[in-house]
Amino acid sequence: MEFHGGGLFRRIKVDLGRRPDLTVDSLLKQLKRDWGKEFDIYPTKLLGADIVIKKSAWTGLAIKLKKDAQGNANLGFNPLMPSAGARILAAGLIPLLILWGRSWKPLIERFKDYIRTKLVSDVFE
């Protein structure tokens with residue numbers, strides 16, 4: 001499994017292969033089961049995202065699921081400040097770099113590990 005992209009301003013993408021069983025709803029349920037005790041997991045209407053994993057007002061991930069007509073699934077995710085108020089307060093490069101190093105990057109790595117170990121092997125409802 002290979003992750004493409006990533007960084008402070010680029011979405012990380014991964015091809016999950018043929019997954020006709022995987023939908024936004026099934027992914028949301030799975031994430032709530034596996035991450036819900038530690039994080040807030042909820043659907044979103046943010047442009048370019050289907051699901052948000054929220055650790056705090058400052059730290060989260062936006063997740064986008066794309067599928068083609070053959071049932072192949074691609075997952076994209078990027079760091080996010082879930083709170084609009086936090087986004088206003090953190091305007092500027094220095095706060096973003098601090099968040100990147102201290103909270104976003106570890107969360108991204110943890111989510112990558114989750115995709116490698118759990119998400120790829122599970123059959124969704």
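Residues numbered from 1 in each chain as written. Predicted model: local features only at pLDDT ≥ 70, side-chain atom pairs only at ≥ 80, totals over all residues. Heavy atoms only, no water.

## Quick word on the side chain of threonine 44
Within the secondary structure, threonine 44 sits in the loop between β3 (40-43) and β4 (51-54). There is a polar contact of 3.1 Å between the side chain of threonine 44 and the backbone nitrogen of leucine 46. The residues contacting threonine 44, other than those within four sequence positions of it, are Ala49, Asp50, Ile51 and Val52. (Helix = DSSP H or I, 4+ residues; strand = E, 2+ residues; numbered from the N terminus. Polar contact = N/O pair within 3.5 Å; in protein donor to acceptor, adjacent residues only side chain to side chain. Contact = heavy atoms within 4.5 Å.)

## Considering the pairing of β4
Both β3 and β4 contribute to a ladder of four bridges, which runs antiparallel. Directly across from tyrosine 42, in β4, lies its bridge partner valine 52. Of the strand pairs in this sheet, β4 and strand β5 (residues 60-67) are connected by four bridges, and their pairing is antiparallel. Bridge pairing in β5 places isoleucine 53 opposite leucine 61. Counted between consecutive antiparallel strands, the loop separating β4 from β5 contains five residues. (Pairing = 2+ DSSP bridges.)

## Some remarks on the nonpolar core
Side chains of a nonpolar character, in soluble globular proteins, are inclined to be buried together. If you look at the biggest cluster of nonpolar residues, it comprises 25 residues, and the most contacted ones within it are Leu31, Trp35, Ile53, Ile63, Leu75, Phe111 and Ile115. Counting residues per element, the ones that place at least two in this core are β2 (12-18), α1 (24-35), β4, β5, β6 (72-80) and α3 (93-119). Here the element with the most residues in this core is α3; it accounts for six residues. What isoleucine 63 contacts, discounting residues up to four positions off in sequence, is Leu27, Leu31, Ala49, Asp50, Ile51, Ile53, Leu75, Gly76, Phe77 and Phe111. (Core = buried A, V, L, I, M, F, W, Y, C linked by side-chain atoms within 4.5 Å. Buried < 20%, exposed > 50% of the residue type's maximum accessible area, 1.4 Å probe, protein only.)

## A word on the pattern of salt bridges
Counting across every chain of the model gives five salt bridges. Salt-bridge contacts for lysine 64 lead to aspartate 50; the nearest nitrogen and oxygen are separated by 3.3 Å. Taken together, the residues span a long stretch of sequence, with lysine 64 in strand β5 and aspartate 50 in the loop between β3 and β4 at a distance of 14 residues. What makes lysine 64 partly exposed here is its relative accessible area of 23%. (Salt bridge = Lys/Arg side-chain N within 4 Å of Asp/Glu carboxyl O.)

## Observations concerning the packing of aromatic side chains
In total, this model carries six aromatic pairs according to the counting rule given. The interplanar angle of 85° and the centroid separation of 5.4 Å between the aromatic rings of tryptophan 35 and tyrosine 114 together place this pair among those described as edge-to-face. Linking tryptophan 35 in helix α1 with tyrosine 114 in helix α3, this pair joins segments that are 79 residues apart in sequence. Each member of the pair tryptophan 35 and tyrosine 114 is classed as buried. Ring geometry for phenylalanine 77 versus phenylalanine 111: centroids 4.9 Å apart, planes at 75°, classification edge-to-face. One end of the pair, phenylalanine 77, is in strand β6; the other, phenylalanine 111, is in helix α3, and 34 residues separate them in sequence. Across this residue pair, the class does not change: phenylalanine 77 and phenylalanine 111 are buried. Put simply, the rings of Phe3, Trp35, Phe39, Phe77, Phe111 and Tyr114 pair up and form one aromatic cluster. (Phe/Tyr/Trp six-rings, centres within 6.5 Å; stacked < 30°, edge-to-face > 60°.)

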